[in-house]
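Below, each chain spelled out in residue letters.
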Amino acid sequence: MLYIINILFSCFYLSQIKERQTWLFILKVLPVIFLWVFIIGGQYDIGADYYNYLGFFSHPQYETRFEPLFTWISRIAYNIGIAGQGQFYIYALINAVVIFIATHRLGVRHWAIFYFLLITVSTFFNNQMNGIRQCTAVVFVYWAFVEFYISKIKGLSLLAIACGFHYSAIAGIAFTFLKKVTEILTKFPKILLIVSCLISLIPTDNSLNQSAIELLPDDIREETHYERMYVEQEDIDASTDIIYKISKFILLPLYFYALRLLRLDILSEKERLFFRFGILSYALRCALLINPLIGRFSYYFWIPSIIPLYYLSVYTYKQKRYGELAFILTYASIIYFIKVFLGTAEYESSFIYFQ
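Colleague: So what about the overall build of the chain? Which residues, and what values?
Modeller: Counting its regular elements, the chain contains 22 helices and 0 strands. Buried positions account for 53% of the 355 residues belonging to the chain. Sequence-distant contacts, at least 24 apart, represent 75% of the contacts inside the chain between residues at least 6 apart. Within the structure as shown, the chain displays about 16,100 Å² of accessible surface, and the carbon and sulfur contribution to it stands at 65%.

Below, the structure is given as structure tokens:
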């Protein structure tokens, strides 16, 4: 129920405010950020790693295997009296603030639409309750992607921060020259989308994981324990099983439909770039699901993958085609609401307030 309340309240509230400067805007959206933090911080036994993180947050001075910035923040919080469950609130706050800043920098104006898609399509909101370190890295990489359009130095600085939470964020450096990379890879967007879905269906085994892990420096390999998680285990990760992949492919018709915006020539230069980057992000989000280890890199494209659907929704809204807009948003979000209704994995409604 809290997930539905979050969508209803936050989308209504965001539809009422007018944004100006970044910091003033952040002050205006504090009620939405507060609700975000209240829900995510109050999680109880959601996700496979809940008790691992709870144990670390209770005794961070004894743990050294995590990334340096994540460890440093947790230790500072512990030293000032924020331990255990309290640290879930800290990372929820970081994530929410960074997402709002980055999206403001992206130039989003119709915040209710963007927030609805962020929650229901990107899957970030619920998944941050499990993959805490990487999800915090995800928001900084998302911000870096936006800044690469303006300042390479600022973008690389944000990537460095992201790596302090999860080493895999280094993959974002491939998009330093965002405009050029996007133009090359999205020259034939329809082919890109189809091929990306087909790639994810290619069967693989643990040898591919082993080859990928061997590319890492020895000290990182020892600290991350990737070999134990992705090579030695034989169980298939649910995040890359066929049902999960199909739930992403369902959105493919919407992305094909959104491509008409390029033909209509209604987007600014910056909007066209990020529209194409959003197409690329959705393609990578699908293709990287080829197996569990490589699938971890798909996380960094969760948020930018909703950009084409955002522009499509805004276009139909401006055209006052409200029935079409309702269909687009309903079609895009149906899987999310099914997961919430079933209460599976990170969509389980289990909070400390009701224990």
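Colleague: Tell me about helix α22 (residues 322-342), and name the residues and values.
Modeller: Taking 1.5 Å of rise per residue, 21 residues should cover 30 Å, and α22 covers 29 Å from first to last C-alpha, within 8% of that figure. Along α22, the sharpest change in direction is near 45° and occurs at Ser 333. All of the buried residues in α22 are Leu 325, Ile 328, Leu 329, Ala 332, Ser 333, Tyr 336, Lys 339 and Val 340. Buried residues along α22 sit against α1 (2-16), α7 (111-120), α8 (124-127), α16 (242-249), α17 (252-258) and α21 (307-318). Positive phi appears at Gly 343, one or two residues downstream of α22, with a value of about 65°.

Colleague: Describe a nonpolar patch on the surface, and please don't skip the residues or the numbers.
Modeller: Together, Ile 194, Leu 198, Leu 201, Ile 242, Ile 243 and Ile 246 line one region of the surface with nonpolar side chains, adding up to about 560 Å² of accessible area. Taken together, the elements giving at least two residues each to the nonpolar patch come down to α12 (189-200) and α16. Examining the composition of the nonpolar patch, we find that 3 residues originate from one element, α16, more than from any other. Here Ile 242 lies in helix α16. For Ile 242, a relative accessible area of 45% corresponds to the partly exposed category.

Colleague: Which residues make up unusual backbone geometry, and what values do they have?
Modeller: Notably, Thr 123 is not glycine yet its phi reads approximately 70°, a positive angle. With respect to the helices and strands, Thr 123 occurs in the loop between α7 and α8. Unusually for a residue other than glycine, Lys 320 sits at a positive phi of about 60°.

Colleague: Run through the environment of Thr 176, naming residues and quoting values.
Modeller: One can find Thr 176 in the loop between α10 (152-163) and α11 (178-185). Here the alpha-carbon distance between Thr 176 and Ser 151, two residues 25 residues apart in the chain, equals 9.5 Å. When residues no more than four places from it in sequence are discounted, the contact partners of Thr 176 are Phe 148, Lys 152 and Leu 156. Here the side chain of Thr 176 touches Ile 173 through a polar contact of 2.6 Å, landing on its backbone oxygen.

Colleague: Talk me through the nonpolar core; I want residue IDs and the actual numbers.
Modeller: Grouped together as the largest cluster of nonpolar side chains are 116 residues, with contacts concentrated most on Trp 36, Phe 100, Tyr 115 and Leu 117. Per element, the largest residue contribution to this core is 13 residues, and it comes from helix α9 (residues 132-148). Those residues within four positions of Trp 36 in sequence are excluded, and the remaining contacts are Ala 92, Ala 96, Ile 99, Tyr 115, Leu 118, Ile 119, Phe 124, Phe 125 and Gln 128.

Colleague: So, the pattern of salt bridges: which residues are in play, and what are the values?
Modeller: Under the counting rule described, the total for this entry stands at 6 salt bridges. Put simply, Arg 105, Glu 147 and Lys 154 are held in one network by salt bridges that share partners.

Colleague: Can you break down the packing of aromatic side chains residue by residue, with the values?
Modeller: Here a ring pair, both rings aromatic, is described through the centre-centre distance and the interplanar angle of the planes. Taken as a whole and assessed by the stated rule, the structure comprises 46 aromatic pairs. Consider the rings of Tyr 310 and Tyr 311, whose centres lie 5.4 Å apart with planes at 50°: the pair is tilted. Looking at Tyr 310, the relative accessible area reads 5%, which means it is buried. Here a set of aromatic residues connected by ring pairs shows up, and it is made of Phe 25, Trp 36, Phe 100, Trp 111, Phe 114, Tyr 115, Phe 124, Phe 125, Tyr 299, Trp 302, Tyr 310 and Tyr 311.

Conventions and cut-offs
Residues numbered from 1 in each chain as written. Predicted model: local features only at pLDDT ≥ 70, side-chain atom pairs only at ≥ 80, totals over all residues. Heavy atoms only, no water. Helix = DSSP H or I, 4+ residues; strand = E, 2+ residues; numbered from the N terminus. Buried < 20%, exposed > 50% of the residue type's maximum accessible area, 1.4 Å probe, protein only. Contact = heavy atoms within 4.5 Å. Areas by Shrake-Rupley, 256 points an atom, 1.4 Å probe, with all protein chains shown as cover. Expected span 1.5 Å × (residues − 1). Bend = angle between axes of the 7 residues up to and from the residue. Patch = residues over 30% accessible without salt bridge, like charges linked within 9 Å, V, L, I, M, F, W, Y side chains within 5 Å. Salt bridge = Lys/Arg side-chain N within 4 Å of Asp/Glu carboxyl O. Polar contact = N/O pair within 3.5 Å; in protein donor to acceptor, adjacent residues only side chain to side chain. Core = buried A, V, L, I, M, F, W, Y, C linked by side-chain atoms within 4.5 Å. Phe/Tyr/Trp six-rings, centres within 6.5 Å; stacked < 30°, edge-to-face > 60°.

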